[in-house]
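# Residue-level structural notes
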Amino acid sequence: MSGWWPLSEQPFKNPRNAAAGSLRQKDSKITATRGLDIFVFNIQQIQGAELSGHKESLDFLKELGFPISPRYEIFDNIEEVKQRIQAIGESRGNLSYDIDGAVVKVDNLTQREVLGATSKFPRWAVAYKYPPEEKVTVLRSVEVKVGRTGALTPTAVFDPITLAGTTVTRAVLHNQDYIDQKKIAIGDEIIVRKAGDIIPEVVEVARHLGNEPYRLPDTCPSCGAHAVREAGEAVLRCPNAECPAQLLRNLTHYASRDAMDIEGLGPAVVELLVVNGLVHSPADLYLKTVEEIQPLERMGKRSAENLIAAIGASKERDLSNFIFALGIRGIGQRGAQLLAQRFGHMDALLAATPQEIASIDGFGEIMAQSAYDFFAEKGNRHLIGKLREAGVNMKCTSQPTGSALTGMTFVLTGTLPTLGRSEASKMIEAAGGKTSSSVSKKTSYVVAGEEAGSKLTKAQSLGIPVIDEAGLLRLLEG
Ligand SMILES: [Zn+2]
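Since this is a predicted model, take the numbers as computed values, not measurements. Throughout this document, residue positions are counted from 1 along each chain, in the order its sequence is written. At least 70 in pLDDT is required for a residue's local features to be given in this predicted model, at least 80 for side-chain atom pairs to be given and counted, and no such filter applies to totals for whole chains, interfaces and linings, which use all residues. As a rule here, side-chain values come from all non-hydrogen atoms in the structure, and water together with hydrogens is ignored.

## Side note on the domain arrangement of the protein
Think of interface size as the accessible area that goes away when the parts come together; that is how it is often given. Considered domain by domain, the protein is made up of domain 1 (54-129), domain 2 (132-240), domain 3 (244-316), domain 4 (319-389) and domain 5 (409-476). Residue ranges for the domains originate in an automatic or database domain assignment. Relative to domain 5, the C-alpha centre of domain 1 lies at a distance of 50 Å.

Next up, the structure:
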């Protein structure tokens, strides 16, 4: 992967991102310049011909002119399979493409059907993963950057090595504990590896030069604030909410495709806005005018107009995009979507208890606490208020009909006035919710009728909200 991406763009992190990123280009001419190639390895459906084996289907694909892997062979005993796996592993470096494993499949398609599949994997195929490639190099320096959440992240900078087909000169060092554990010092010979699409990492020190392990600075390299380490955390953080490095990253994340998707607001433009003092928070974006932005370097009237229009359009994004855009620690796109669907509106989310958040199916306690802490923080509430004033959408619109109860788990207890137990369960499930027979911290609501027993007591002791039939019907109506 070198030489063919536009100079203004960062190289892709790995081949998978390169392929996916190229395929989703709106302009197929760009895709065509990316030099993608493919090995077709399976026929999903076929009409007008009968195939009885995998090899036969590959030969057939080849006959039709599809590119297929030149390296497939049929064996009738496992010993030869093992030898072949080893041989492929040994010749890995000589291939013109990267591999991370070899796949062993049953050839006979009838036997495949007999073997079937588990809920996740077919029983007739198994992948052998080769260990990641490792190389020795010399650690020259350590760079410290401030992340979006203020985390000070050290990066090892070393003499170039080639790993899995790419030149690598840097690897993440995570935090001080990681550096201390491995006793990593500048000048040491270190072993670096890159597993699949994972960022390169320092495995261990191959030879110590005798220097003291590297120490992270006590102050933020961007703003000079005293860095703090919170109890129970391995990471050092810059606590300054106005730290320019954090602001740059926060804004870039806010504008990114999966967040508020503001076209034209990439890292370079964000930097221009911040450096020129035009924007101090995402809310400021919505107050900008064409006249203010136009004089900026490389901007011009047309781009300024487009940018203001794109910023305006982002007000309509769904609540899930907005939550993701806020950059809450530990809350990715999926987490943001679950929060948006569970609460439906920012107001409900702002009023949510940690327990209500933790009851979302797919949410762990740490995620729930992180979300709760974020929305409890005064500065964040203030920012959300300003964005609301600016006209940013606070409602979840992505909720498909019939999913008013998505992510919620209900426990029914006692006799409800009009609904039978199974009728109520069916209504909950039809609305995307789940029912369970026992009360736990994961329960969203206990629906209690007459003569409710121990489940009601348990709900009360755990602080789970208890509602009656009328309350359930209100929820179902959304
Ligand atoms: Zn800082």
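## Some details on the coordination of the zinc ion
Only nitrogen, oxygen and sulfur atoms count as donors, using a 2.8 Å cut-off from the metal that widens to 3.2 Å for Na, K and Ca. Water is left out, so coordination shells may look unfilled. Looking at the zinc ion, the protein donor atoms are Cys 220 (SG), Cys 223 (SG), Cys 238 (SG) and Cys 243 (SG), and they sit 2.3 to 2.4 Å from it. Geometry assignment treats four donors as tetrahedral when all angles are between 85 and 135 degrees, treats four as square planar and six as octahedral when opposite donors are over 155 degrees apart and all others between 65 and 115, and treats everything else as irregular. Coordination at the zinc ion is tetrahedral, judged from the four donor atoms that bind it and the angles of 100 to 114° they form at the metal.

## Side note on the pattern of salt bridges
Any carboxyl oxygen of Asp or Glu within 4 Å of a side-chain nitrogen of Lys or Arg constitutes a salt bridge here. In this structure the tally under the stated criterion is 19 salt bridges. The salt bridge involving Asp 159 is made with Arg 140; its shortest N-O contact spans 2.8 Å. Separated by 19 residues along the polypeptide, Asp 159 in strand E4 (residues 152-163) and Arg 140 in strand E3 (residues 133-146) bring together distant segments of the chain. Connected via shared salt-bridge partners are Glu 134, Arg 193 and Glu 201. In this text, helices come from DSSP runs of H or I with a minimum length of four residues, and strands from runs of E with a minimum of two, each type numbered from the N-terminal end.

## Quick look at the sheet that holds strand E10 (residues 409-413)
Read across the open sheet, the four strands follow the order E11-E10-E12-E13; overall the sheet is parallel. Because the sheet does not close on itself, it has two edges, and the strands there are strand E11 (434-435) and strand E13 (466-467). Throughout, a residue-residue contact means that at least one pair of heavy atoms, one from each residue, lies within 4.5 Å. Fitted lines through C-alpha atoms serve as axes, helices being fitted only where they are in contact, and the angles separating the N-to-C directions of these axes extend from 0 to 180 degrees. Against the sheet, helix H18 (residues 421-430) touches E10 and E11, its axis set at about 170° to E10. Pairs of strands are assigned from DSSP output, requiring at least two bridges between the strands.

## Looking at the packing of aromatic side chains
Under the pairing criterion, centres of Phe, Tyr and Trp rings, with the six-membered ring standing for Trp, must be within 6.5 Å; the plane angle then separates stacked pairs below 30 degrees from edge-to-face pairs above 60, leaving the rest tilted. Here the structure, examined in full by the defined rule, presents four aromatic pairs. Taking the centre distance of 5.2 Å and the plane angle of 80° together, the rings of Phe 39 and Tyr 97 count as edge-to-face. Residue Phe 39 is found in the loop between helix H2 (28-33) and helix H3 (54-63), and its partner Tyr 97 is found in the loop between helix H4 (78-90) and strand E1 (101-105); the two are separated by 58 residues along the sequence. Residue burial is assigned from relative accessible area. The probe radius is 1.4 Å, only protein chains are included, and a residue is buried under 20% of its type maximum, exposed over 50%, and partly exposed in between. Its relative accessible area of 35% is what places Phe 39 among the partly exposed residues. Seen in terms of ring centroids, Phe 410 and Tyr 445 are 5.7 Å apart; in terms of plane orientation they differ by 20°. Their pairing is stacked. One end of the pair, Phe 410, is in strand E10; the other, Tyr 445, is in strand E12 (residues 445-448), and 35 residues separate them in sequence. Tyr 445 matches Phe 410 in its accessibility class, with the two residues each being buried. Any Lys NZ or Arg CZ found within 6 Å of a ring centre and within 35 degrees of that ring's normal is scored as a charge over the ring. Geometry around Phe 343 places Arg 342 over its ring, the cationic atom sitting 4.8 Å from the centre.

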